[in-house]
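Below are the chains, spelled out letter by letter.
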Amino acid sequence: MLIILLSGFWIAGAVIRIEEVDNATHAEEYRCIVDGDDAATKYTWHRQGQKSLPEGAKAEGDTLHFLKLTPDLNGLYFCEAANRFGVSSASLYKCTKKESFLSWILTKAVLGLPSLHC
């Protein structure tokens, strides 16, 4: 299960946000998008409290790739976008929890309910 909390801020007249990529080439992908007259020229991704991304996550420009969906990648991730006016950021909270087979049977197969864990 994945829980996402997205937030965005202004860069000198532009809005920055993070959106999930449709038809991702990896397990999950998110794109940092800057709307406005002046596009971002540099993107930097990091996990809260860390200078680099954990193993299993990689950044390519404006895109953050999760190569696997495991709880060790849970946390708050930031995209910093820079243009000639300054730097701003948007955040993404990623939460993936392994679901036991018994929980899946009870919530989805038997009761037809979504499982809400994490």
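Every chain's residues receive numbers from 1 upward, in the order its sequence appears when written. pLDDT decides what is reported in this predicted model: residues at 70 or higher carry local features, side-chain atom pairs at 80 or more are listed and counted, and totals for whole chains, interfaces and linings draw on all residues regardless. Hydrogen atoms and water are omitted, and side-chain values are computed over all heavy atoms in the structure.

1. Here's the deal with the nonpolar core
Of all hydrophobic cores here, the largest spans 17 residues; its most connected members are Ile18, Trp45, Leu64 and Phe66. The helix and strand labels rest on DSSP assignments: H or I over at least four residues marks a helix, E over at least two residues marks a strand, and numbering proceeds from the N terminus. Those elements giving two or more residues to this core turn out to be β3 (14-20), β4 (28-35), β7 (63-66), β8 (75-83) and β9 (86-96). To qualify as a nonpolar core, a set must consist of buried Ala, Val, Leu, Ile, Met, Phe, Trp, Tyr and Cys residues joined through side-chain atoms within 4.5 Å. With a 1.4 Å probe rolled over the protein chains alone, any residue whose accessible area is under 20% of its type maximum counts as buried; one over 50% counts as exposed, and the rest are partly exposed.

2. A look at the environment of Leu64
With respect to the element layout, Leu64 can be found in strand β7. Leu64 sits in the buried class, given a relative accessible area of 0%. A C-alpha to C-alpha distance of 7.2 Å links Leu64 and Trp45, two positions 19 residues apart in sequence. Contacts were defined at the residue level, with two residues in contact if any of their heavy atoms lie within 4.5 Å. With residues up to four places along the chain from it excluded, the contact list for Leu64 reads Glu28, Glu29, Tyr30, Trp45, Leu53, Ala57, Lys58, Tyr77 and Leu92.

3. What about the pairing of β8?
At least two DSSP bridges between two strands are needed for those strands to be called paired. As judged from the six bridges shared by strand β5 (residues 42-47) and β8, these two strands associate in the antiparallel manner. Of the residues in β8, the one forming a bridge with Lys42 is Ala82. Summarising the sheet, β8 and β9 pair through nine bridges and their orientation is antiparallel. Following the sheet pairing, Tyr77 is matched in β9 by Leu92. Linking two consecutive strands that pair antiparallel, namely β8 and β9, is a turn of two residues.

4. Quick look at the packing of aromatic side chains
Think of a pair of aromatic rings as described by two things: how far the centres are apart, and how the planes are tilted against each other in angle. Note on aromatic pairs: the rings of Phe, Tyr and Trp (six-membered ring only in Trp) are paired at centre separations within 6.5 Å, and the planes decide the class, stacked below 30 degrees, edge-to-face beyond 60, tilted for the rest. The full count for this structure, using the stated rule, is two aromatic pairs. Aromatic pair Tyr30 and Phe66: ring centres 6.1 Å apart, planes at 80°, arrangement edge-to-face. In this pair, Tyr30 is assigned in strand β4 and Phe66 in strand β7, connecting sequence segments 36 residues apart. The burial state of Tyr30 is the same as that of Phe66; both residues are buried. Relative accessible area serves as the criterion here: at 0%, Phe66 is assigned to the buried category. Counting as a charge over the ring demands two things of the Lys NZ or Arg CZ atom: a distance within 6 Å of the ring centre and an angle within 35 degrees of the ring normal. Stacked on the ring of Phe66, the Lys or Arg Lys94 has its end atom at 4.8 Å from the ring centre.

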